[in-house]
Amino acid sequence: MTRAFALLRGINVGRAKRVAMADLRRLMEELGFTDVRTLLNSGNVVFSTSERLTAATAVSIEQALLARTGVTSRVTLLSQPKLAAVAAANPLTGIASDPSRLMVTFLDDPEDRTRMRAIADAAWDPDRIVIGKDASYAWHPDGVLANRLGTAIGRIAWNTATARNWATVLKLLAAADPPRRPTGS
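Predicted model only: the values in this text are computed from it and were never measured.

Below, the discussion takes up unusual backbone geometry. The peptide bond linking Asp 125 to Pro 126 adopts the cis configuration, its omega dihedral lying at 10°. With respect to the helices and strands, Pro 126 occurs in the loop between α4 (110-120) and β6 (128-131). One non-glycine residue, Asp 35, lies in positive phi territory at about 50°. In this fold, Asp 35 is placed in strand β2 (residues 34-39). Its identity as a non-glycine residue notwithstanding, Leu 40 has a phi of 60°, on the positive side. Tracing the backbone shows Leu 40 in the loop between β2 and β3 (44-49).

Spelled out as structure tokens, the structure:
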């Protein structure tokens, strides 16, 4: 069994795309995933699976979510080792003093990575962006909202990527341990 993560884009942000986490857990269990947990109220699911994570798996979750709730959301799937690798590769942890202002954008589409590299060469002071193998890392010391760099990232990856702040990435990794089952005495 592999521990994995489903990151749903735009769930429960403001008043749009409202999905109860209990419904999301139930949906994932009905799709055959086990040890399902949600984290926060923003479309973060931790689960176990014996299946390989593929684009088809993500599409099946997207379709089931639409059928069940009427909500459309792009789903990014990551194995526990892949998320751990993305976290370990973060080059901005040494300068970021507030984990809620350090954003990790998960890049599934190679085209997004190419387009992100183009903006990485621009001056964004005081913000910084670094493009990694599977993610971009952006530090927004003055805040994430109404930010030039954040807007540029959003334009590039609007429909194809999802982002989480560093605090959430760390919480996801910590939540990856499967729930402990009581042992007999």
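Now that the structure is up, let's keep going.
Right, let's talk about the nonpolar core for a bit. Core analysis: the largest hydrophobic core is formed by 21 residues, its most contacted members being Phe 5, Leu 83, Val 104, Phe 106, Val 169 and Leu 172. If you list the elements that add at least two residues to this core, you get β1 (2-8), α3 (80-88), β5 (102-106), β7 (135-139) and α6 (166-175). Among the elements that line this core, the one with the most residues is α6, at four residues. In contact with Leu 83, other than residues within four places in its own chain, are Phe 5, Leu 78, Phe 106, Val 169, Leu 172 and Leu 173.

About the criteria used
Residues numbered from 1 in each chain as written. Predicted model: local features only at pLDDT ≥ 70, side-chain atom pairs only at ≥ 80, totals over all residues. Heavy atoms only, no water. Helix = DSSP H or I, 4+ residues; strand = E, 2+ residues; numbered from the N terminus. Core = buried A, V, L, I, M, F, W, Y, C linked by side-chain atoms within 4.5 Å. Buried < 20%, exposed > 50% of the residue type's maximum accessible area, 1.4 Å probe, protein only. Contact = heavy atoms within 4.5 Å.

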